[in-house]
Amino acid sequence: MIRGSFYILLFYFLGEMLSKLIGGFVPGSVLGMVLLFLALYFKVIKPESVKDVATSITKNMAVFFVPAGVGLMVYAELVSKSLAAILVAIAGSTILTIITVALVQENFEKRRAKNKELQK
Amino acid sequence: MNDFLNTVRPYLSTEIFLLALVLGVFYLGIIIYQKTKITLLQPLLTAMVIIIPFLIFTGIDYQTFYQNTRILNFMLGPSVVALGYVLYEQIGHIKGNVISILTAVFTGSVVGIVSVVLLAKLFGADKILMASLAPKSVTTPIAISLAEKTGGVPALAAAFVVLCGIFGGLVGPIVLRRIGVKSKIAKGLAMGSASHALGTARAMEMGALEGAISGLAIGIMGIMTALLIPFAENLF
């Protein structure tokens, strides 16, 4: 628990530093994720040391969004002025993004499976 | 009634009470979701629907609420870092998918930015609104800095990121079922690309592989969007 929390915060910190170095266009948490992955992959740290903490916090991520979600109340007025535009744009674009990404990836996988069969 | 509220407000504004409130209401949300199995009744939505009126009724301002529950907001960072472990566990499934993953997320990023800007324009949005909407699919820290660079409002961008996350988390699994996507990698990738950490929270519910890929997608989507947004400015 202590060891796992320490490693996660350490890689978060390293990620933040790296983010500052490259001008901040990738957030520290995302770089921390990549660094933690690399440390595990190249056996710098043992998987067991972060397993418990990492599994429990990633399984309950949604609860961490409550403060930000409640924050929508502050922007209620700003948002309500252009509500139609905002809702249509976000809903439409989110659905299109989901469909595009899923279909492109699945097509790649199908094509690869077909090529494998042809080679047999 | 007002006297009573004035007396209890200091107690209700404490860290202990507000944190207990968030966790309690979220727990209630989980029970409701498990009992009803209705997709719309996401614990996050239940929590918002109860807490926002509660704050308005008791006269506790958002600043106070945010200050006293900031530990939860802070945990967003470590939870993204922790996805590195989930990714490590699932790495065997990703091998051989690198090019397809990059292509899929790149295409998704282009489609996402162009469609949100054009749809908003169609409905009469101004430049400021479009600039705040464009980075909606990435995590809050990236979205805020991108919106700032292109003349949007950071606070609005943050609100749109949350809206987009809630919406994608809600309808994502339904859309994916509707279009008949079977591949777990495709599902996770789509959830994370479109709806960042909230999409990932939902993808984790589908399975560990979906969740891990979704976490990876947050990072790739963030980088691609950061590179593409400067070109999107021409559309505003």
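About the criteria used
Residue numbers here run from 1 along each chain, matching the order of that chain's written sequence. Chain letters start at A and ligand numbers start at 1, both assigned in the order the entries are written. In keeping with the predicted nature of the model, local features appear solely for residues at pLDDT of at least 70, side-chain atom pairs appear and are counted solely at 80 or more, and the whole-chain, interface and lining totals rest on all residues. In computing side-chain values, all of the structure's heavy atoms are included and hydrogens and water are not. What marks off one domain from the next here is an automatic or database domain assignment. Whether two residues are in contact is decided by their heavy atoms: any pair within 4.5 Å suffices. Here the quantity called buried area is the accessible surface, traced with a 1.4 Å probe, that two parts lose on coming together, added over both. By the criterion applied in these results, polar contacts are pairs of N or O atoms within 3.5 Å in which, for protein atoms, one can donate a hydrogen and the other can accept it, and in which residues neighboring in sequence qualify only through two side-chain atoms. Only DSSP runs of H or I with at least four residues qualify as helices, and only runs of E with at least two residues qualify as strands; both kinds are numbered from the N terminus onward. Residues are sorted three ways: Asp, Glu, Lys and Arg are charged, Ala, Val, Leu, Ile, Met, Phe, Trp, Tyr, Cys and Pro are nonpolar, and all the rest, Gly among them, are polar. A fitted line through C-alpha atoms serves as each axis, taken over the contacting stretch for helices, and the angle formed by two N-to-C directions is quoted from 0 to 180°. Working rule for angles: under 35 degrees goes down as roughly parallel, over 145 as roughly antiparallel, 65 to 115 as roughly perpendicular, anything else as oblique. The handedness criterion is simple: a crossing whose near helix is rotated anticlockwise from the far helix by less than a right angle is left-handed, and one whose near helix is rotated clockwise is right-handed. Two aromatic rings from Phe, Tyr or Trp, using only the six-membered ring of Trp, form a pair when their centres are within 6.5 Å; if the ring planes differ by under 30 degrees the pair is stacked, by over 60 it is edge-to-face, and anything between is tilted.

Quick notes on the domain arrangement of chain B
All names here are of chain B.
- When the domains of chain B are assigned, the result is domain 1 (2–74) and domain 2 (80–235).
- Inter-centroid distance (C-alpha atoms) of domain 1 to domain 2 is 27 Å.
- The interface of domain 1 with domain 2 comprises seven residues on the first partner and six residues on the second.
- Taken together, both faces of the contact between domain 1 and domain 2 bury some 550 Å²; the carbon and sulfur share is 76%.
- Among the residues domain 1 hides against domain 2, the three largest losses belong to Thr39, Gln42 and Leu44. Together they make up 59% of the total.
- Counting across the interface, domain 1 meets domain 2 through one residue pair in polar contact (both at pLDDT 80 or more).
- Counting residues per element, the side of domain 1 that touches domain 2 draws most heavily on helix α3 (residues 43–58), which supplies three residues.
- A class-by-class count of the residues in the side of domain 1 that touches domain 2 yields five nonpolar, two polar and no charged.

A look at the packing of helix α6 (residues 83–119) of chain A against helix α12 (residues 184–206) of chain B
- Viewed as axis vectors pointing N to C, α6 of chain A and α12 of chain B meet at an angle of 150°, and their least axial separation amounts to 8 Å. With respect to each other, α6 of chain A and α12 of chain B are oriented roughly antiparallel. Relative to α12 of chain B, α6 of chain A is oriented so that their crossing is right-handed. Of the residues in α12 of chain B, those touching α6 of chain A at Thr94, Thr97, Ile98, Val101, Ala102, Gln105, Glu106 and Glu109 of chain A are Ile185, Ala186, Leu189, Ala190, Ser193, Ala194 and Ser195 of chain B.
- For the contact of α6 of chain A with α12 of chain B, a count of residues per class yields eight nonpolar, five polar and two charged.

Describing the packing of aromatic side chains
Residue and element names in this part refer to chain B.
- The final tally for this structure, using the stated rule, is seven aromatic pairs over all chains.
- Ring centres of phenylalanine 17 and phenylalanine 54 lie 6.0 Å apart, and the angle between their planes is 35°; this geometry places the pair in the tilted category. In this pair, phenylalanine 17 is assigned in helix α2 (residues 15–36) and phenylalanine 54 in helix α3, connecting sequence segments 37 residues apart.
- With a centroid separation of 5.9 Å and 45° between ring planes, the pair formed by tyrosine 62 and tyrosine 66 is classed as tilted. You can see tyrosine 62 and its partner tyrosine 66 sitting in helix α4 (residues 62–68), four residues apart, about one turn around the helix.

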